[in-house]
Amino acid sequence: MDATKIFKVFIQEDEKALRDKITEELRDKKNYKLHFFSKEDSVFELLKFGPDIVFHDYFKNKATHFYTWSIPY
C-alpha cells in the first residue's frame, strides 16, 4: 500500500456526538480524509463519488474497502 495515498473515507453516521467521536479516534490518521453521510443515503449512490472505504456501521466494524476491488459492481 502506498503510504502517501490519501484515502477517501465515507462514514454513514447521523448523530453529531458519534461523528465527533469518530473524528477524534481517527485524528492521527493523516492519510484519511473523512466524509460523513446520513444512514439514509444509499451506499450505491455514494459509490459515484469514488470512496476508498465506506463504513456502514463504524462501531460494529462494518466496512467496505472499495480500493481492493478489481471492478465496481
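The structure this text deals with has already been given above.
No experiment lies behind these values; they were computed from the predicted model shown.

Rules and cut-offs
- Residues numbered from 1 in each chain as written.
- Predicted model: local features only at pLDDT ≥ 70, side-chain atom pairs only at ≥ 80, totals over all residues.
- Heavy atoms only, no water.
- Helix = DSSP H or I, 4+ residues; strand = E, 2+ residues; numbered from the N terminus.
- Buried < 20%, exposed > 50% of the residue type's maximum accessible area, 1.4 Å probe, protein only.
- Contact = heavy atoms within 4.5 Å.
- Areas by Shrake-Rupley, 256 points an atom, 1.4 Å probe, with all protein chains shown as cover.
- Polar contact = N/O pair within 3.5 Å; in protein donor to acceptor, adjacent residues only side chain to side chain.
- Salt bridge = Lys/Arg side-chain N within 4 Å of Asp/Glu carboxyl O.

Before going further, it helps to examine the overall build of the protein. From N to C terminus, the protein includes two helices and four strands. For the protein, the α and β elements follow one another from N to C terminus as β-α-β-α-β-β. Considering the protein as a whole, with its 73 residues, one finds that 26% of them fall into the buried category. Here the contacts in the protein between residues at least 6 apart in sequence split such that 60% fall between residues at least 24 apart. Only carbon and sulfur atoms are counted for the fraction: they give 53% of the accessible area of the protein, which is about 5300 Å².

Quick look at the environment of Lys48 now. Among the secondary structure elements, Lys48 is positioned in the loop between helix H2 (43-46) and strand E3 (53-57). Here the side chain of Lys48 touches Glu45 through a polar contact of 3.2 Å, side chain to side chain.

Side chains bearing opposite charge may pair, as long as their charged atoms lie close to each other. Taken as a whole, this structure holds six salt bridges when the rule is applied. In this structure, the salt-bridge partner of Asp52 is Lys5, at a minimum N-O distance of 3.5 Å. Of this pair, Asp52 sits in the loop between H2 and E3 while Lys5 is found in the segment before strand E1 (7-12), placing the two residues 47 residues apart along the sequence. By relative accessible area, which is 34% here, Lys5 ends up partly exposed. Within the structure, one salt-bridge network assembled from shared partners comprises Glu24, Arg27 and Asp28.

Our next topic: the side chain of Asp52. According to the relative accessible area criterion, Asp52 is buried, its value standing at 9%. A polar contact is formed between the side chain of Asp52 and the backbone nitrogen of Lys8, at a distance of 2.7 Å.

Geometric descriptors of this kind do not, in isolation, establish any biological role.
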